[in-house]
Number of protein chains: 2
Amino acid sequence: MTYCVSMLLDSGLVFLADSRTNAGVDQINTFRKTTVYERPGDRVIVMLTAGNLAITQGVLNLLAEKLASHDPHTVNLANCANLFEGARCVGEAVREMHTRDGEAMRAQGVDFNATFIVGGQIRGEIPRLFQVYSAGNFVEATPDTTYFQIGESKYGKPIIDRVTRRSMALSEAAKCALISMDSTIRSNLTVGLPLDLVIVRRDEYKVASHVDIGPDNKYFQMIREAWGEALREAFSELPNPDWLAVR
Amino acid sequence: MTYCVSMLLDSGLVFLADSRTNAGVDQINTFRKTTVYERPGDRVIVMLTAGNLAITQGVLNLLAEKLASHDPHTVNLANCANLFEGARCVGEAVREMHTRDGEAMRAQGVDFNATFIVGGQIRGEIPRLFQVYSAGNFVEATPDTTYFQIGESKYGKPIIDRVTRRSMALSEAAKCALISMDSTIRSNLTVGLPLDLVIVRRDEYKVASHVDIGPDNKYFQMIREAWGEALREAFSELPNPDWLAVR
């Protein structure tokens with residue numbers, strides 16, 4: 001399983017992904033789910049992937065093939081004019097994988113399941129954020145949307161809903177994403193460390209920060225302990241219902 | 001959709017269920033998901049239901065038929081010797097519904113999906129708590145298990161995981177269940193008020209408290225406001241990551 005979250009803010013974008021992949025409980029591996037396409041000064045595109053690893057790796061390989069193509073008519077993440085084109089490029093790669101593997105997977109009773117977050121900024125545009133579905137179609141974050149989640153999204157959603165605002169600082173959004181990830185890791189064994197945290201500042205057209213967060217990361221350790229403690233404290237400070245016929 | 005949670009504690013049991021049922025967004029109705037079988041001084045059994053309403057109502061009707069039966073060999077919730085038998089009785093009713101409706105539902109592409117929480121205390125036993133699945137099989141809460149959830153369980157799980165202990169007071173557990181419900185209602189439109197809160201105190205063999213919590217309930221209003229505020233405060237008190245190359 002996977003949990004990935006990305007936030008679109010006034011000041012830029014925050015991406016956080018875990019790295020655990022599993023096929024049954026006895027086969028848990030670590031695969032990175034974060035891919036960065038960067039040409040500093042011109043564009044930065046970050047992709048997070050969730051779902052069937054064979055599909056998501058296939059999509060990344062098709063995108064890499066297109067990047068390496070010498071045909072000037074091939075649209076790829078390096079030459080797409082805008083991020084909408086970039087999301088379409090990812091969606092087309094998903095459809096190509098479906099054409100290749102969809103029927104054989106269906107014959108084996110395996111769902112064709114893969115979702116992608118694609119976000120970043122291309123010079124001439126504001127930062128944009130997309131979610132691409134298994135069918136290759138996609139949606140874009142609007143001013144009402146501060147985030148997209150893919151994979152095991154429910155455990156970590158309440159805290160994001162309560163604190164994110166477009167105007168929050170990137171480092172504060174990173175803190176929120178890490179708390180959301182912590183709640184998910186505690187509730188679902190198949191989401192696990194290390195984490196990839198990528199931050200893109202608006203109008204820089206490059207990665208501002210890319211951090212690999214493992215079990216030794218002091219800040220994440222602090223989050224894990226302090227957030228649980230803060231929740232328990234907040235919980236104990238709220239009054240119990242004294243109108244029940246019980247104590 | 002539905003969210004139901006029940007906690008098994010040293011001092012008794014807490015049950016909380018929402019009451020929203022839907023079949024598509026334009027058809028949202030309120031149906032109670034809480035059923036109480038009580039013979040004060042001898043037994044109290046509380047059932048919460050989730051899943052396909054036709055199945056869960058069918059199961060409740062079959063159980064009521066058995067209760068009304070004059071055949072002394074019919075095991076029902078009124079004469080079962082222990083709660084394990086009671087859970088088996090519920091499981092058998094689920095299987096009877098499957099025999100009646102399973103094939104016709106499959107022909108229409110509708111999942112046979114229904115889950116039940118069955119808990120309470122029968123004289124001669126300690127309080128017990130069971131979860132019955134769509135196949136009519138079931139599991140029992142052990143000393144390591146403080147709770148069962150059915151329905152839309154993920155949004156409200158982190159807070160329960162962090163604060164519940166077997167030794168907590170019933171009113172504190174009720175507060176925890178209500179916070180968990182609040183997080184779920186905020187994240188999923190198809191879970192909604194009114195709520196049914198039922199409390200059973202150990203060795204009383206009756207319902208200690210059964211409260212209908214609607215939008216005017218002052219305590220739940222307080223929980224809704226104060227918990228969000230407490231979370232935001234706890235969030236802002238944790239330091240932002242100053243080791244990122246961003247503010």
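Everything below is about the structure shown above.
Quick caveat, the model's predicted, so the values are computed rather than measured.

Thresholds, definitions, all that
- What you see as residue numbers is a count from 1 along each chain, following the sequence as written.
- As they are written, the chains are lettered A onward and the ligands numbered 1 onward, keeping that order.
- Confidence filtering applies because this is a predicted model: local features only for residues at pLDDT of at least 70, side-chain atom pairs given and counted only at 80 or more, and all residues used for totals across whole chains, interfaces and linings.
- Remark: hydrogens and water are excluded; side-chain values derive from all non-hydrogen atoms of the structure.
- The rule is simple: take the accessible area with a 1.4 Å probe, protein chains only, and divide by the maximum for that residue type; under 20% is buried, over 50% is exposed, in between is partly exposed.
- Going along the chain from the N terminus, every DSSP run of H or I of four or more residues is numbered as a helix, and every run of E of two or more is numbered as a strand.
- Strand pairing is assigned whenever DSSP detects at least two bridges linking the two strands.
- C-alpha atoms of residues with pLDDT of at least 70 in both copies form the basis for the least-squares superposition of the copies.
- It only takes one pair of heavy atoms within 4.5 Å for two residues to be counted as in contact.
- Pairing of aromatic rings covers Phe, Tyr and the six-membered ring of Trp, with a centre-to-centre limit of 6.5 Å; geometry is then stacked below 30 degrees between planes, edge-to-face above 60, and tilted otherwise.
- A ring is considered to have a charge above it if a Lys NZ or an Arg CZ atom is located within 6 Å of its centre and within 35 degrees of its normal.
- Every angle, taken between N-to-C directions, lies between 0 and 180 degrees, and every axis is a line fitted to C-alpha atoms, over only the stretch in contact when it is a helix.
- Under this scheme an angle from 65 to 115 degrees is roughly perpendicular, one under 35 degrees roughly parallel, and one over 145 degrees roughly antiparallel; angles in between are oblique.
- Helix crossings get a hand from a simple test, with the near helix turned counterclockwise from the far one by less than a right angle marking a left-handed crossing and a clockwise turn marking a right-handed one.
- Put simply, Ala, Val, Leu, Ile, Met, Phe, Trp, Tyr, Cys and Pro go in the nonpolar bin, Asp, Glu, Lys and Arg in the charged bin, and everything else, Gly too, in the polar bin.
- To estimate how far a helix should reach, multiply one less than its number of residues by 1.5 Å.
- The directions from the helix axis to the C-beta atoms form the arc being described.

(A) Structural context of the pairing of strand 2 (residues 12-17) of chain A. Residue and element names in this part refer to chain A. Of all 6 residues that make up strand 2, 6 are buried, and the element is covered over most of its length. Neither face of strand 2 is left uncovered, since the one carrying Gly12, Val14 and Leu16 and the one carrying Leu13, Phe15 and Ala17 both have all their residues buried. Of the pairings in the sheet, the one linking strand 1 (residues 3-9) to strand 2 comprises 6 bridges and is antiparallel in character. Note that in strand 2 the partner of Leu9 across the bridge is Gly12. Between strand 1 and strand 2, which pair antiparallel one after the other, the connecting turn spans 2 residues. Note: strand 2 against strand 11 (residues 195-201), 6 bridges, orientation antiparallel. Among the inter-strand pairings, Leu13 is bridged to a residue of strand 11, identified as Val200.

(B) Quick look at unusual backbone geometry. Residues Leu193 of chain A and Pro194 of chain A are joined by a peptide bond in cis, for which omega reads -5°. Along the chain, Pro194 of chain A falls in the loop between helix 4 (170-187) and strand 11. For Asp203 of chain A, which is not glycine, the phi torsion reads 65° and is therefore positive. Within the secondary structure, Asp203 of chain A sits in the loop between strand 11 and strand 12 (207-213). We note that Tyr205 of chain B has phi near 55°; this positive angle belongs to a residue other than glycine. Examined against the element boundaries, Tyr205 of chain B turns out to sit in the loop between strand 11 (195-201) and strand 12 (207-213).

(C) Inspection of the relation of the copies chain A and chain B at higher detail. The transformation that overlays chain A on chain B combines an axial shift of 0.0 Å with a rotation of 180°, and the residual RMSD is 0.0 Å. The superposition of one copy onto the other is thereby described by a two-fold rotation axis. Proximity to the rotation axis, assessed at the C-alpha, singles out Tyr155 of chain A in chain A; its C-alpha lies 2.5 Å from the axis. Interface overlap between copies is the fraction of interface residues in one copy that are interface residues in the other; for chain A against chain B it reaches 100%, indicating a shared surface.

(D) View of the packing of aromatic side chains. Under the criterion given, the structure shown has 6 aromatic pairs over all chains. Judged by centre distance (5.8 Å) and plane angle (80°), the rings of Phe130 of chain A and Phe138 of chain A are edge-to-face. Judged by its relative accessible area of 0%, Phe130 of chain A is buried. Taking relative accessible area as the criterion, Phe138 of chain A reaches 22% and is therefore assigned partly exposed. Grouping aromatic residues by their ring pairs yields a cluster made of Phe84, Phe130 and Phe138 of chain A. We note Lys175 of chain B situated over the ring of Phe235 of chain A; from NZ or CZ to the ring centre the distance is 4.2 Å.

(E) The packing of helix 1 (residues 53-68) of chain A against helix 2 (residues 83-107) of chain A, seen in detail. All names here are of chain A. Their axes nearest at 9 Å, the elements helix 1 and helix 2 cross at an angle of 130°. Overall, the two elements helix 1 and helix 2 adopt an arrangement that is oblique. You can see that helix 1 and helix 2 cross each other, and the crossing is right-handed. Each of Ala54, Ile55, Gly58, Val59, Leu62, Leu63 and Lys66 in helix 1 lies in contact with helix 2, whose residues at this interface are Cys89, Val90, Glu92, Ala93, Val94, Glu96, Met97, Arg100 and Met105. Within the contact of helix 1 with helix 2, the residues separate by chemical class into 11 nonpolar, 1 polar and 4 charged.

(F) Fine view of helix 5 (residues 218-237) of chain B. Residues and elements named next belong to chain B. In this model helix 5 runs 28 Å from its N-terminal to its C-terminal C-alpha over 20 residues, within 8% of the 28 Å that 1.5 Å per residue would give. Taken together, the buried positions of helix 5 are occupied by Tyr219, Phe220, Ile223, Trp227, Gly228, Ala230, Leu231, Ala234 and Phe235. Around the axis of helix 5, the buried residues are gathered within 165° of arc, so they sit on the same side. Set apart from the buried face of helix 5 by more than 90 degrees, the exposed residues are Lys218, Glu225 and Glu237.

(G) Representation of the sheet that holds strand 11 of chain A in the model. All names here are of chain A. Spatial strand order, 10-1-2-11-12: 5 strands in an open sheet with antiparallel pairing. Both outer strands of the open sheet, strand 10 (147-151) and strand 12, are each paired with one neighbouring strand and no more. In this sheet, neighbouring strand axes are inclined to one another by 10° on average, regardless of whether the strands run parallel or antiparallel. The pairing of strand 1 with strand 10 spans 5 bridges and is classified as antiparallel. Bridge pairing in strand 10 places Cys4 opposite Ile150.

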